[in-house]
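As a plain string of letters, each chain reads:
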Amino acid sequence: MPGVSARGLSYEERRQLAVNLTRVLALYRPILDAYIITPSEFLENPSQSSRLTAPFRKHVKPKKQHEIRRLGELVKKLSDLTGCTQVVDVGSGQGHLSRFMSLGLGLMVKSIEGDQRLVERAQRLDQQLLQALAKVEKRNPRVVQRGRFSPQHVVKWVDPKVLCEELLLPLESTRHSGTRLLLTGLHACGDLSVALLRHFCCCPEVVALASVGCCYMKLSAPGGYPLSQWVAGLPGYELPYRLREGACHALEEYAERLQKARPDLRTHCYRAALETVIRHACPELQRPGVQGIPRVHELKIEEYVQQGLQRVGIDPQLPLNLAALQAHQAQENRVIAFFSLALLMAPLVETLILLDRLLYLQEQGFHAELLPIFSPELSPRNMVLVATKMPLGQAFSALETEDS
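Residues numbered from 1 in each chain as written. Predicted model: local features only at pLDDT ≥ 70, side-chain atom pairs only at ≥ 80, totals over all residues. Heavy atoms only, no water.

**With respect to the nonpolar core**
This is how it is decided: Among the buried residues, those of types Ala, Val, Leu, Ile, Met, Phe, Trp, Tyr and Cys that are joined through side-chain atoms within 4.5 Å form a nonpolar core. Between buried and exposed lies partly exposed: a residue is buried under 20% and exposed over 50% of the maximum accessible area for its type, with that area taken using a 1.4 Å probe on protein chains only. Counting from the N terminus, the helices are the DSSP runs of H or I reaching at least four residues and the strands are the DSSP runs of E reaching at least two. We call two residues in contact whenever any of their non-hydrogen atoms come within 4.5 Å of each other.
Judged by nonpolar contacts, the single largest core of 50 residues is most densely connected at Leu167, Phe200, Leu209, Leu239, Leu352 and Leu361. Sort the elements by how many residues they give to this core and helix α15 (residues 346-363) lands first, with 9 residues. Leaving out residues up to four positions away in the same chain, Phe200 has contacts with Leu183, Val206, Val207, Ala208, Leu209, Leu361, Phe366, Ala387, Thr388 and Lys389. Core analysis: the second largest hydrophobic core is formed by 34 residues, Leu133, Val212, Val384 and Val386 among them.

**Description of the confidence of the model for the protein chain**
Spelled out, the test is: In predicted models, pLDDT denotes the confidence assigned by the predictor to each residue on a 0 to 100 scale.
Confidence in the prediction of the protein chain, expressed as mean pLDDT, is 84, and 91% of residues score 70 or more. When pLDDT is averaged over each element of the protein chain, strand β1 (residues 86-90) comes out on top at 95 and helix α1 (residues 11-33) at the bottom at 71. Here residues 30-37 scores under 50 on pLDDT; set against residues more than four positions off or in separate chains, the count is 21 contacts.

**Describing α15**
Defined as follows: To estimate the expected span of a helix, subtract one from its residue number and multiply by 1.5 Å.
Counted at 1.5 Å a residue, the expected span for α15 with its 18 residues is 26 Å, and the 26 Å between its end C-alpha atoms agrees. With 15 of 18 residues buried, α15 lies mostly within the body of the structure. At the exit of α15 stands Gly365, carrying a positive phi of roughly 90 degrees.

**Examining the pairing of strand β4 (residues 181-189)**
Heads up, the rule is: Here the rule is simple: two strands pair whenever DSSP picks up at least two bridges between them.
Burial within β4 is extensive, with 8 of its 9 residues counted as buried. Pairing between β1 and β4: 4 bridges, direction parallel. Of the residues in β4, the one forming a bridge with Asp89 is Thr184. Pairing geometry for β4 and strand β5 (residues 206-214), over 8 bridges, is parallel.

**Digging into the pattern of salt bridges**
The condition is simple: One speaks of a salt bridge when a side-chain nitrogen belonging to Lys or Arg is within 4 Å of a carboxyl oxygen belonging to Asp or Glu.
Summed over all chains, the structure comprises 15 salt bridges. We note a salt bridge from Arg69 to Glu73, for which the minimum N-O separation is 3.4 Å. Highlighted residues: Arg69 and Glu73, both in helix α3 (residues 62-82), separated by 4 residues, approximately one helical turn. Take Arg69 and Glu73: they sit in the same class, and that class is buried. A salt bridge links Glu298 to Arg295; the nearest nitrogen and oxygen atoms lie 2.4 Å apart. With a relative accessible area of 53%, Arg295 lands in the exposed category. Counted as one network, the salt bridges with shared partners bring together Lys63, Lys64 and Glu67.

Rendered as structure tokens:
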């Protein structure tokens, strides 16, 4: 279950919702700090969206197919409504969204990514798609698309704390037409989503925003949350790491794991036992990120703990109390039940984070809405924050409507 969009609520009602959320989270914070319906486009083939042509599906997983199609179509509508000359895709990764927006929807796109390897792969995929489209057009000249250009890929790390000049530079083809930028990011991680909001607010050439955030546990505090004066003034607004990390889990996927009693649920018990060992060996190191350990359910608990210690920089040969570890493992069902209860708070946390961003934009006089555009069963972080510097009125509703 994702957060809620707060659509239809007035500015004052949204502020009151933030008050209610902080009260509930304050009540249940001790719990959190311890310790599918198939979209219609996949009914025919669960691996291939019927709403994308074959060239745009290649190398793209079903979840990403759904996301790039829905967000790309929204960006196209928003660009048309606001008269944008250029779209900037920030944190573009392998460029799947940028490619669809440029070569599929005819938008002028600049694609910004900090990882050189991802940019090089994106450029190779651009060429492969161009070749595939050329073959389609050769077989059927009636589908020839004119005036479409590949995205311009730029290797650039966007610092969330300062304005990025590269992000604001127009493409050569739009340089003489007056720059009007639309910023977008598909699951822009942590503070990167916040950076998009700040560029939108501070830069007159940025006239529209369509941002889908994720990785809330990577938000800076302070700096990444809270953003709005309203939420910052509420008692109990604080969201420590464990709360923000919990908001990134997908309830729908986890419910399915529970129903099927999947063996990988054991991970929660093993991770709790590992945390106990870490705190005993290195008290100042709490809840460190543990890089994924494959096939956890096939490991003995002591094997998992040894691998986990190595991943966080502690001697894996540290003497272990096997009796204590086995006692932890005997509580596996209780740990799973506890984790399940904690996870019920996830939608509240995500809603508060997104509502804070919405209020931040509205406090500065901009027009903004949260729109649910992805199927939550397929893409749990399904809310897109849309903002403009001109009133759109009822046009906001049209943005979330699927194209036929």
